[in-house]
Amino acid sequence: MASHYGIPVSTTHTITGAISGVGAAQRFSAVRWGVARGIVLAWIATIPAAAGIGGLTYLLLRAVV
């Protein structure tokens, strides 16, 4: 789906998806869904966190220079 819609994915996305998919195909309970949920939430939180850190760094450097 990512390739079809042109969505960029990292190696981490690909590996995590593959491992979860294989585990779910063998036995749905074989996947630790709590851990998978944590990974997805971390991916979602990364973008706003990086934007916030970048903005704060910009403001700090602007005040210094």
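Fair warning: this is a prediction, and the values are worked out from it, not measured in the lab.

Looking only at helices and strands, the protein has three helices and zero strands in total. Reading the secondary structure of the protein in the N-to-C direction produces α-α-α. For the protein, the C-alpha radius of gyration of 17 Å lies well beyond 11 Å, the compact-globule estimate for 65 residues. Viewed in the frame of its principal axes, the protein has a C-alpha envelope of about 60 × 30 × 15 Å.

Where nonpolar side chains cluster on the molecular surface, the patch consists of Met1, Tyr5, Ile7 and Val9 and spans about 510 Å² of accessible area. Mapped onto the elements, Val9 comes out in the loop between helix H1 (2–5) and helix H2 (11–26).

Here we take up the confidence of the model for the protein. For the protein, per-residue confidence averages 91 on the pLDDT scale, and 100% of positions sit at 70 or higher. Looking at the elements of the protein, mean pLDDT is at its lowest for H1, recorded as 85, and at its highest for helix H3 (residues 33–64), recorded as 94.

Turning our attention to H2. Between its terminal C-alpha atoms H2 stretches 23 Å, which fits the 22 Å expected from 16 residues at 1.5 Å a residue. The backbone nitrogen of Thr12 has a side-chain oxygen 3.3 Å away, supplied by the residue at the start of H2, namely Ser10.

Cut-offs applied
Residues numbered from 1 in each chain as written. Predicted model: local features only at pLDDT ≥ 70, side-chain atom pairs only at ≥ 80, totals over all residues. Heavy atoms only, no water. Helix = DSSP H or I, 4+ residues; strand = E, 2+ residues; numbered from the N terminus. Rg over C-alpha atoms; globule rule 2.2 N^0.38 Å. Patch = residues over 30% accessible without salt bridge, like charges linked within 9 Å, V, L, I, M, F, W, Y side chains within 5 Å. Areas by Shrake-Rupley, 256 points an atom, 1.4 Å probe, with all protein chains shown as cover. Salt bridge = Lys/Arg side-chain N within 4 Å of Asp/Glu carboxyl O. pLDDT = per-residue confidence, 0-100. Expected span 1.5 Å × (residues − 1). Polar contact = N/O pair within 3.5 Å; in protein donor to acceptor, adjacent residues only side chain to side chain.

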